[in-house]
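Structural characterization, general
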Amino acid sequence: MELTENEFRHGCRLIESHTGVVVSPCWVDYARRRMAECQAFLQNAETGTRGLQALVDRLLIKETRFFRHPASFNYVANFLTDDAGNAQAEPPSGFSVWSAGCASGEEAYSLAMLSEQLCQAGKLRSPLRLLATDVSRSALIAARRGEYLRSRLGHLNAMQLACFDAAGEKSLRVKATLRKRVAFALHNLLDPLPVKIGKPFDVIFCQNLLIYVAPTRRKMLLDKLADALRPGGCLILAPGEFVGTPPDPMLRDRRDPNVLAYRRSRKSAWGP
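Once that is clear, we can look at the pattern of salt bridges. All chains considered together, the criterion is met by seven salt bridges. With a shortest N-O distance of 3.1 Å, glutamate 5 and arginine 9 are connected by a salt bridge. Taken as a pair, glutamate 5 and arginine 9 lie in helix α1 (residues 5-19) at a separation of four residues, close to a single helical turn. Classification of arginine 9 by relative accessible area gives partly exposed; the value is 49%. If you follow the salt bridges from partner to partner, you end up with Glu5, Arg9 and Arg32 in one network.

What follows covers the packing of aromatic side chains. The tally for this structure, following the rule as stated, stands at eight aromatic pairs. Ring centres 5.4 Å apart and planes at 75° place the aromatic pair phenylalanine 66 and phenylalanine 164 in the edge-to-face group. Pair noted here: phenylalanine 66 is in the loop between α4 (49-59) and α5 (70-81) and phenylalanine 164 is in strand β4 (residues 164-166), with a separation of 98 residues, a long-range link. The class of phenylalanine 66 is buried, set by a relative accessible area of 1%. Take phenylalanine 164: its relative accessible area is 7%, and that puts it in the buried class. Through pairs of rings, three or more aromatic residues link up here, namely Phe66, Tyr109, Tyr148, Phe164 and Phe184. The ring of phenylalanine 8 carries arginine 32 above its face, with NZ or CZ at 4.2 Å from the centroid.

Regular strands have side chains that alternate between both faces of the sheet. In terms of residue burial, strand β1 (residues 96-100) counts as a mostly covered element, since five of its five residues are buried. Burial along β1 is two-sided: the face carrying Ser96, Trp98 and Ala100 and the face carrying Val97 and Ser99 are both buried. For β1 and strand β2 (residues 129-134), the ladder comprises five bridges, and the chain directions are parallel. Note on β2: the bridge partner recorded for alanine 100 is threonine 133. Read from β1 through helix α6 (residues 106-120) to β2, the crossover connection turns out right-handed. One ladder, built from three bridges, connects β1 with strand β7 (residues 201-205); its direction is parallel. Bridge pairing in β7 links valine 97 to valine 203.

In this section: the sheet that holds β7. Reading across from one edge, β6-β2-β1-β7-β8-β10-β9 is the order of the seven strands in this open sheet, with mixed pairing throughout. In the strand order of this sheet, the two ends are held by β6 (182-186) and β9 (250-253), each with one partner. Between one strand axis and the next, the sheet turns through 20° on average, direction left out of account. The pairing of β2 with β6 spans five bridges and is parallel. Counted as the bridge partner of alanine 132 is phenylalanine 184 from β6.

Rules and cut-offs
- Residues numbered from 1 in each chain as written.
- Predicted model: local features only at pLDDT ≥ 70, side-chain atom pairs only at ≥ 80, totals over all residues.
- Heavy atoms only, no water.
- Salt bridge = Lys/Arg side-chain N within 4 Å of Asp/Glu carboxyl O.
- Helix = DSSP H or I, 4+ residues; strand = E, 2+ residues; numbered from the N terminus.
- Buried < 20%, exposed > 50% of the residue type's maximum accessible area, 1.4 Å probe, protein only.
- Phe/Tyr/Trp six-rings, centres within 6.5 Å; stacked < 30°, edge-to-face > 60°.
- Lys NZ or Arg CZ within 6 Å of the ring centre and 35° of its normal.
- Pairing = 2+ DSSP bridges.
- Right-handed = clockwise from strand over helix to strand, strands pointing away.
- Axes fitted to C-alpha atoms, helices over the stretch in contact; angles between N-to-C directions.

So this is what it looks like as structure tokens:
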């Protein structure tokens, strides 16, 4: 069944109010088609969170891949281990890293692989403590499973592929030791972080999420992310994802012009 224009706009308003995500012109057709496929969820979204969650799961785009922007991962490695004195001092329990908007887990597992590589090279004493969150339950189910088609992993090198086990003819699965290092949790960035989730973080990785958020909400989300960083910590966005003045305690780090990174001032107090 086709949606009326009023039904479609109503669905868009529900999604934006719940997630902050705006249906932009470039994916209107996709959004309209997905809403038409699940009109029952659209109707139930008004009466309960279960219907709204189902609508979110079906509508949000979960496109991602391992080491999607290599320069950003290189930046993280240098930020944590730089011999020139610019690195963050490693805490006794290891660095804490948050992958915000992790989708089906590729970004979080890429950070786990990077952690493994740095530990093996003797550049880190402890593996990264990784939290990965997303607003989509279905994405998190796939992320926890950690199984991916071989056809989507062809760009990985031999060291990275060694982090997988065979999972049938067409798939590979992230090794159990790495899966255990990532804590996946359902979280809406519009909401405060639950108290049980440890913070502050040394690194927050939040790429290709703000581009879907209304410009009026981006600054508010950046304020929240900045508040979750410890002094000296860094926030990494996708290139071109944010243009404007960052939150007050944040300074743009321009050491790599290909990476959009901000560091929280070491002199700033942690917290809102």
